[in-house]
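# Remarks on the overall topology
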Amino acid sequence: MSHNLAIRGGLLATATETFRADIGIRDGRIVTIAEAVTDAEDVIDATDRIVMPGGIEAHCHIAQESGMGVMTSDDYQSGSISAAFGGNSCFVPFAAQKTGQSLAETMQTYDGRAVPKSVLDWSYHLILTDPTPDVLAELPEVFAKGVTSFKVFMTYATRVSDAQFLDILSVAGRHGALTMVHAENHDMLDWMARRMVEGGNVAPRYHAPSRPGLAEEEAINRAISLARLAQAPLFIVHVSTQVGAELVANARAKGGQVWAETCPQYLFLTREDLDKPDMEGAKFICSPPLRDTSTQAALWQHVQAGSLSLVSSDHAPYRYDETGKFNAGHDISFRQIANGMPGIEMRLPLLFSEGVTKGRISLNQFVALSSTNAAQIYGMLPRKGSLSIGADADIAIWDPNETWFADEMHDAMDYNPFAGIKVTGRPVTVLGRGRRIVDKGELIAEPGSGQFVKRAPVDSTGHPGQPVPELDPTQNFGAILP
Ligand code: URP
Ligand code: ZN
Ligand code: ZN
């Protein structure tokens, strides 16, 4: 049996094991894992390197207009290239429905943005902002196309009501789809922000106290309750509070079909970063806002314990100029500054350096958090997120010892919120379906060489749910519920 490519001499790391082996790749797939693979047309020498599944970036905003109508600086070309330099071989950006738009139109719009440009394989999470009955009726069709996750907001102008949220959860749940939620209580935020501004507290730093942790805690609790009532699985994006993470852990401990993530900005930055001279703090405005060091420590504990299943970037790139942060002008309050920060290329190096190198998490936990859990939760296993026979050869080869300082990235941004941080460990080669996407600091793949990934339904095996007695026919007088 001959191979197109062999990766030789590396230390392989999966979500559960670390061992020395060679990998043989044929027609884009892993076909051999053996002590020695000697018959290959092309060889990558992985001596002194760690070989792991390529990262899967499952929360990023690419070629997407924000709720305020501001387009991200990254399109599918720069966004996928930056992700690849950061060790990812697959990503799942959002396809955001506009008010009045059908889901077919939404998907067509994003296909037009992704197909010609992406160097990575990709899928979408669909953002629902206008869940009319017609739109809900379209959901199963989207699901059949392999887009098996939907996101809703509990805040922003694009938020859904609790009743709409229940309808979406219910349809998604019946079809094996996963509903994702940005959980913050809109009215609490709006009330606080109005008081801040009325009091003359308009500088970027006031963004943090205008969005209290309590607003996230309340919304996470409500989202989990709504998902229980709808008997549907739920994923909570960008958890930024200790209590929020505890609510997730508690629901999971009781069998709840609940998953959640946090993001590097909540592990590595604090609200003090918002308190910079002039408008510099605008670079650190994201929602939920940056918190404090004790919250960082609590979130690390939940990452370690597994109650937070992913560390995703929430890459939401708006430049520090009038195309991005200052789209509404320069003399503005924190409320008018575009929300979001970049980080798609920093996510894995930061997690490796601060997590694995500093002994907070094992190498196997790193693989789970960066790749395998995303593949499992979002219906891509065993094709993605795995070093196994038959899997796509989506592979990241890391130098665990290179030490470098975060600086300019390959995205279309004009700042890096993590600039200056010392990092140990760096991805050197990233493969997607066996082709080199980046290799030793060079981009190899062509724009448009990525492919859409059709995803499977959510697998809730092992998460029996938290039944609500009023839905049990023996306890609700046999009520008929459509
Ligand atoms: O501030 C952020 N995170 N902006 C992007 C949109 C969102 O809420 O994820
Ligand atoms: Zn969000
Ligand atoms: Zn986001």
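Since the model is a prediction, treat every value here as computed from it, not as a measurement.

### Notes on the packing of aromatic side chains
Tallied over the entire structure, the rule returns eleven aromatic pairs. Seen in terms of ring centroids, tyrosine 124 and phenylalanine 452 are 6.0 Å apart; in terms of plane orientation they differ by 35 degrees. Their pairing is tilted. Placement of tyrosine 124 in the loop between strand E10 (121–122) and strand E11 (125–127) and of phenylalanine 452 in the segment after strand E20 (442–443) is noted, with a sequence separation of 328 residues between them. Its relative accessible area of 0% is what places tyrosine 124 among the buried residues. Aromatic side chains phenylalanine 366 and tryptophan 398 sit 5.6 Å apart centroid to centroid with 80 degrees between the ring planes, which places their arrangement in the edge-to-face category. Pair noted here: phenylalanine 366 is in helix H12 (residues 363–377) and tryptophan 398 is in strand E17 (residues 395–405), with a separation of 32 residues, a long-range link. Judged by relative accessible area, tryptophan 398 falls into the buried class, the value being 1%. The residue whose ring lies beneath arginine 113 is tyrosine 110, and the NZ or CZ to ring-centre distance is 4.8 Å.

### A word on the site of ligand 1
Around ligand 1 there are 13 residues in total, and His61, Tyr156, His182, Ser287 and Asp314 lie nearest to it. Take tyrosine 156: an N or O atom from its side chain is 2.8 Å from an oxygen atom of ligand 1. Serine 287 is positioned with one of its backbone polar atoms (N or O) 2.8 Å from an oxygen atom of ligand 1. Here ligand 1 has 270 Å² of accessible area as a free molecule, and 94% of this is covered by the chains. When each cavity is represented as a set of grid points, ligand 1 is found to reside in the largest pocket. Here the residues of the shell around ligand 1 are counted per class, giving four nonpolar, seven polar and two charged.

### Here we look at the coordination of the zinc ion (ligand 3)
Around the zinc ion (ligand 3), the protein supplies His59 (NE2), His61 (NE2) and Asp314 (OD) as donor atoms, at distances of 2.0 to 2.2 Å. Its four donor atoms give the zinc ion (ligand 3) angles of 86 to 137 degrees at the centre, a pattern that matches the irregular case. Each donor residue of the zinc ion (ligand 3) lies on the same chain, and together they follow the pattern H-x1-H-x252-D. In this structure, the zinc ion (ligand 3) lies 3.8 Å away from the zinc ion (ligand 2). Of this pair, histidine 59 sits in strand E8 (residues 55–60) while aspartate 314 sits in the loop between strand E16 (310–311) and helix H11 (347–357), and the two are 255 residues apart along the sequence. Like histidine 59, the residue aspartate 314 is buried in the burial classification.

### Considering the sheet that holds strand E4 (residues 22–26)
The mixed open sheet is built from four strands, whose spatial order is E5-E4-E1-E6. The sheet is open, and its two borders are formed by strand E5 (29–34) and strand E6 (40–45), each paired with just one other strand. In this sheet, adjacent strand axes meet at a mean angle of 25 degrees when their direction is disregarded. Direction of pairing for strand E1 (residues 3–8) relative to E4: antiparallel, over a ladder of three bridges. In the sheet register, leucine 5 faces E4, and the bridge partner there is isoleucine 25.

### Focus: the coordination of the zinc ion (ligand 2)
Protein ligation of the zinc ion (ligand 2) involves His182 (ND1) and His238 (NE2), the donor distances falling in the range 2.1 Å. Viewed at the metal, the four donor atoms of the zinc ion (ligand 2) are separated by angles of 57 to 148 degrees, and the geometry they form is irregular.

### Concerning the sheet that holds strand E2 (residues 11–13)
Whenever strands of a sheet pair, they do so through backbone hydrogen bonds, lying parallel or antiparallel. As summarised here, the arrangement of the seven strands in space is E3-E2-E7-E17-E18-E19-E20, forming an open sheet in which the pairing is mixed. Because the sheet does not close on itself, it has two edges, and the strands there are strand E3 (18–20) and E20. As judged from the three bridges shared by E2 and E3, these two strands associate in the antiparallel manner. Residue pairing for E3: leucine 11 is matched across the bridge by arginine 20. Sheet contacts for H11: strand E7 (50–53), E17 and strand E18 (422–432); angle to E18, the most-contacted strand, approximately 125 degrees. Against the sheet, H12 makes contact with E2, E3, E7 and E17, and its axis sits at roughly 40 degrees relative to E7, the strand it touches most.

### Quick notes on unusual backbone geometry
Cis geometry is adopted by the peptide bond preceding proline 288, which originates at serine 287 and carries an omega value of -5 degrees. Secondary-structure assignment places proline 288 in the loop between helix H9 (264–268) and helix H10 (293–305). For the bond from leucine 381 to proline 382, the omega torsion is 0 degrees, close enough to zero to count as cis. Along the chain, proline 382 falls in the loop between H12 and E17.

Criteria and thresholds
Residues numbered from 1 in each chain as written. Chains lettered and ligands numbered in written order. Predicted model: local features only at pLDDT ≥ 70, side-chain atom pairs only at ≥ 80, totals over all residues. Heavy atoms only, no water. Phe/Tyr/Trp six-rings, centres within 6.5 Å; stacked < 30°, edge-to-face > 60°. Helix = DSSP H or I, 4+ residues; strand = E, 2+ residues; numbered from the N terminus. Buried < 20%, exposed > 50% of the residue type's maximum accessible area, 1.4 Å probe, protein only. Lys NZ or Arg CZ within 6 Å of the ring centre and 35° of its normal. Near = heavy atom within 4 Å. Polar contact = N/O pair within 3.5 Å; in protein donor to acceptor, adjacent residues only side chain to side chain. Areas by Shrake-Rupley, 256 points an atom, 1.4 Å probe, with all protein chains shown as cover. 1 Å grid on protein atoms, 1.4 Å probe; cavity = no way out; pocket = protein on both sides within 12 Å on 5 of 7 lines; lining within 4 Å. Sits in = over half its atoms within 2 Å of the grid points. Nonpolar A, V, L, I, M, F, W, Y, C, P; charged D, E, K, R; others polar. Donors = N, O, S within 2.8 Å, 3.2 Å for Na, K, Ca; no water. Tetrahedral: all angles 85-135°; square planar, octahedral: opposite > 155°, others 65-115°. Pairing = 2+ DSSP bridges. Axes fitted to C-alpha atoms, helices over the stretch in contact; angles between N-to-C directions. Contact = heavy atoms within 4.5 Å.

No statement about biological role is implied by the geometric values presented.
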